[in-house]
Amino acid sequence: MNGLSTLLIVVGLFLVGGIVSFVKQKMPTSLVVLLSIGAAMCLVAGVMRLEVWN
């Protein structure tokens, strides 16, 4: 596991925490969806960069 994949996974998990917080605060749905897309992209990119696939 290299540094960039670790960073992407950590940022993705941070954004997931933000999603949970925004839902509890009843923030607008469009903002939650936008944050969800960003979190999913970070997590997928981090997992795809892992070196276990080789």
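Please refer to the structure placed before this passage.
Residues numbered from 1 in each chain as written. Predicted model: local features only at pLDDT ≥ 70, side-chain atom pairs only at ≥ 80, totals over all residues. Heavy atoms only, no water.

Enquirer: For this particular structure, what's the right way to read the nonpolar core?
Expert: General note: in soluble globular proteins, nonpolar side chains tend to be found buried as a group. L15, I19, V32, L35, A39 and C42 form the largest nonpolar core, which has six residues in total. Counting only elements with at least two residues in this core, the list comes to α1 (3–24) and α2 (29–48). Per element, the largest residue contribution to this core is four residues, and it comes from α2. Setting aside residues up to four positions removed in sequence, C42 forms contacts with L8, I9, V11, G12 and L15. (Core = buried A, V, L, I, M, F, W, Y, C linked by side-chain atoms within 4.5 Å. Buried < 20%, exposed > 50% of the residue type's maximum accessible area, 1.4 Å probe, protein only. Helix = DSSP H or I, 4+ residues; strand = E, 2+ residues; numbered from the N terminus. Contact = heavy atoms within 4.5 Å.)

Enquirer: Mind showing me how you'd approach the environment of V16 here?
Expert: With respect to the helices, strands and loops of the structure, V16 is situated in helix α1. Expressed as a C-alpha distance, the spacing of V16 and V33, which sit 17 residues apart in the sequence, is 11 Å.

Enquirer: I keep staring at α1 and nothing clicks. Help me out?
Expert: Along an α-helix, a turn takes 3.6 residues, which lines up residues three or four apart on a common side. Spanning 22 residues, α1 covers 32 Å between terminal C-alpha atoms, matching the ideal 32 Å at 1.5 Å per step. All of the buried residues in α1 are S5, G12, L15, G18 and I19. Along the axis of α1, the buried residues cluster in a sector spanning 140°; they form a single face. Of the exposed residues in α1, the ones pointing more than 90 degrees away from its buried face are G3, L13, F14 and K24. Those residues of α1 hidden inside the fold are in contact with α2. Just past α1, the residue K26 takes up positive phi, approximately 55°. (Expected span 1.5 Å × (residues − 1). Arc of directions from axis to C-beta.)

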